[in-house]
Amino acid sequence: MKRMTSNFPHGGVMDVHFANMRSLIQILDCELFEHMHLHGDYTHFYFCYRWFLLDFKRELAYEDIFTVWETIWSAKNVSTVNFGLFIALALVEFYREIIIDNNMDFTDIIKFFNEMAERHDAKRVLHIGRELVLRLQNLIDNK
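Residues numbered from 1 in each chain as written. Predicted model: local features only at pLDDT ≥ 70, side-chain atom pairs only at ≥ 80, totals over all residues. Heavy atoms only, no water.

Colleague: Is there a simple way to explain the packing of aromatic side chains in this structure?
Modeller: A full pass over the atoms with the stated rule returns 17 aromatic pairs. For the ring pair phenylalanine 18 and tyrosine 49, a centre distance of 6.5 Å and an interplane angle of 40° mean the geometry is tilted. Within this pair, whereas phenylalanine 18 is found in helix H1 (residues 13-28), its partner tyrosine 49 is found in helix H3 (residues 49-53), the two being separated by 31 residues in sequence. Under the relative-accessibility criterion, phenylalanine 18 is labelled buried at 7%. Where phenylalanine 45 meets phenylalanine 47, the ring centres are 5.6 Å apart and the plane angle is 40°; that geometry is what we call tilted. Here the two residues phenylalanine 45 and phenylalanine 47 agree in accessibility, since each one is buried. (Phe/Tyr/Trp six-rings, centres within 6.5 Å; stacked < 30°, edge-to-face > 60°. Helix = DSSP H or I, 4+ residues; strand = E, 2+ residues; numbered from the N terminus. Buried < 20%, exposed > 50% of the residue type's maximum accessible area, 1.4 Å probe, protein only.)

Colleague: Just checking my understanding: could you explain the pattern of salt bridges for this structure?
Modeller: One pass over the full model with this rule turns up five salt bridges. Measuring nitrogen to oxygen at the nearest pair gives 2.6 Å for the salt bridge that ties glutamate 59 to arginine 50. The class for arginine 50 is partly exposed, based on a relative accessible area of 25%. (Salt bridge = Lys/Arg side-chain N within 4 Å of Asp/Glu carboxyl O.)

Structure representation (structure tokens):
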């Protein structure tokens with residue numbers, strides 16, 4: 001619980017998560033960022049609040065959450081201390097086409113992710129998260 005304390009309102013980390021999500025999606029998927037900006041500007045990423053607050057506990061099935069947590073914890077030693085951000089971005093990217101094709105606004109995306117709770121493909125989301133880390137690392141290396 002101590003690890004998650006900074007995610008609560010007095011900790012101030014939640015705003016950093018939202019700002020980092022905004023930056024990551026601007027860099028890694030500018031088309032989706034534009035869509036989010038033009039359809040009710042939900043680039044504040046408040047729909048991710050529960051994801052960060054509870055470390056995805058309510059988003060994934062019970063049998064998958066431990067794998068995700070272990071991946072987040074071990075990523076600190078391998079690739080990034082912020083792998084949770086990449087998992088959050090992976091959740092958005094996994095449903096990218098649905099979001100765009102249905103012209104989802106802020107209300108739609110909150111409703112969508114609430115309905116999808118515990119129904120996500122955790123293995124695929126982790127895979128996408130790893131790919132996003134590599135894409136960002138390649139962008140940094142090629143500058």
